[in-house]
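Structural description and commentary
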Amino acid sequence: AVWRVPKIQGSIASGSGKSQKEEKDLREVLRLGKECIRETAGDDLSEVLGYLAFAHEGLGEFDEAADMYGEQMEYEEDEKAREEIYKKTAHLLELSGKSSEAQELLRKGIGEIEGSIELRTLYIGTLLKDGGIDRELCIQSIRSQLKESPELSEHEEFQKLMREHGINLEGENIWQAK
């Protein structure tokens, strides 16, 4: 099955733009990937599942892509790769209107990869974008994330997120601009 991975990569690389050819290429990735899954194990399986997730995402099948990334997580051991999978999956869950699932996944990722500023920033972003969450609860969550990871306040994306949502930080004080 390992011999098919370059063929899958070739199918992914040949897609350019939203066209019938790209859709055909992505469907071919799915076909080849499903064949590979039956014959593959370990690190190679993680890679194949990642290709399947990419193909589903390219086809706009966000739930299926999130499921594939979830399966990939079972086989992936590299911390940086796992962090990327958490980020991609959370994004797909949000696109599918599953904000609370994205938040839960990001909390799990933060627990696993404690030093990840990006996961913390994404988590706070999902809270702030979720209209169903009280703003005071968001501020408490921000305070908690800053307590666990003080360097978060220096991260450019975090600062941008705070500005976009009208949240002010001054030392330990956090408040919503009027």
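Going by the structure above, here's the rest.
Everything numeric in this text was worked out from a predicted model, so none of it was measured. (Residues numbered from 1 in each chain as written. Predicted model: local features only at pLDDT ≥ 70, side-chain atom pairs only at ≥ 80, totals over all residues. Heavy atoms only, no water.)

1. Quick word on the overall build of the protein chain
- The secondary structure content of the protein chain amounts to 9 helices and 2 strands.
- For the protein chain, the succession of helices and strands along the chain, N to C, is α-α-α-α-α-α-α-α-α-β-β.
- Here the protein chain holds 178 residues, and 44% of them are scored as buried.
- A separation of at least 24 residues holds for 50% of the contacts in the protein chain among residues at least 6 apart in sequence. (Helix = DSSP H or I, 4+ residues; strand = E, 2+ residues; numbered from the N terminus. Buried < 20%, exposed > 50% of the residue type's maximum accessible area, 1.4 Å probe, protein only. Contact = heavy atoms within 4.5 Å.)

2. Side note on helix α5 (residues 79-95)
- Between its terminal C-alpha atoms α5 stretches 24 Å, which fits the 24 Å expected from 17 residues at 1.5 Å a residue.
- Burial in α5 covers these residues: R82, E83, I85, Y86, K87, T89, A90, L92 and L93.
- In this structure D78 caps α5, since a side-chain oxygen of it lies 3.3 Å from the backbone nitrogen of K80.
- Once α5 ends, the next one or two residues include G97, with phi positive near 75 degrees. (Expected span 1.5 Å × (residues − 1). Polar contact = N/O pair within 3.5 Å; in protein donor to acceptor, adjacent residues only side chain to side chain.)

3. As for the nonpolar core
- In terms of nonpolar packing, the biggest core is built from 44 residues, with I124, L128, I142, F158 and M162 touching the most fellow members.
- Only α2 (20-39), α3 (42-58), α4 (62-75), α5, α6 (99-112), α7 (117-129), α8 (135-148) and α9 (156-164) provide two or more residues apiece to this core.
- For this core, the element with the most residues is α3, which contributes 7 residues.
- Leaving out residues up to four positions away in the same chain, F158 has contacts with T121, I124, I142, L146, L152, S153 and L169. (Core = buried A, V, L, I, M, F, W, Y, C linked by side-chain atoms within 4.5 Å.)

4. A few points about a negative patch on the surface
- On the surface, E64, D67, E71 and E74 cluster together to form a negatively charged patch.
- Inspection of the secondary structure assignment puts E71 in helix α4. (Patch = residues over 30% accessible without salt bridge, like charges linked within 9 Å, V, L, I, M, F, W, Y side chains within 5 Å. Areas by Shrake-Rupley, 256 points an atom, 1.4 Å probe, with all protein chains shown as cover. Salt bridge = Lys/Arg side-chain N within 4 Å of Asp/Glu carboxyl O. Lys, Arg positive; Asp, Glu negative; His and termini not counted. Charge placed at Lys NZ, Arg CZ, Asp CG, Glu CD.)

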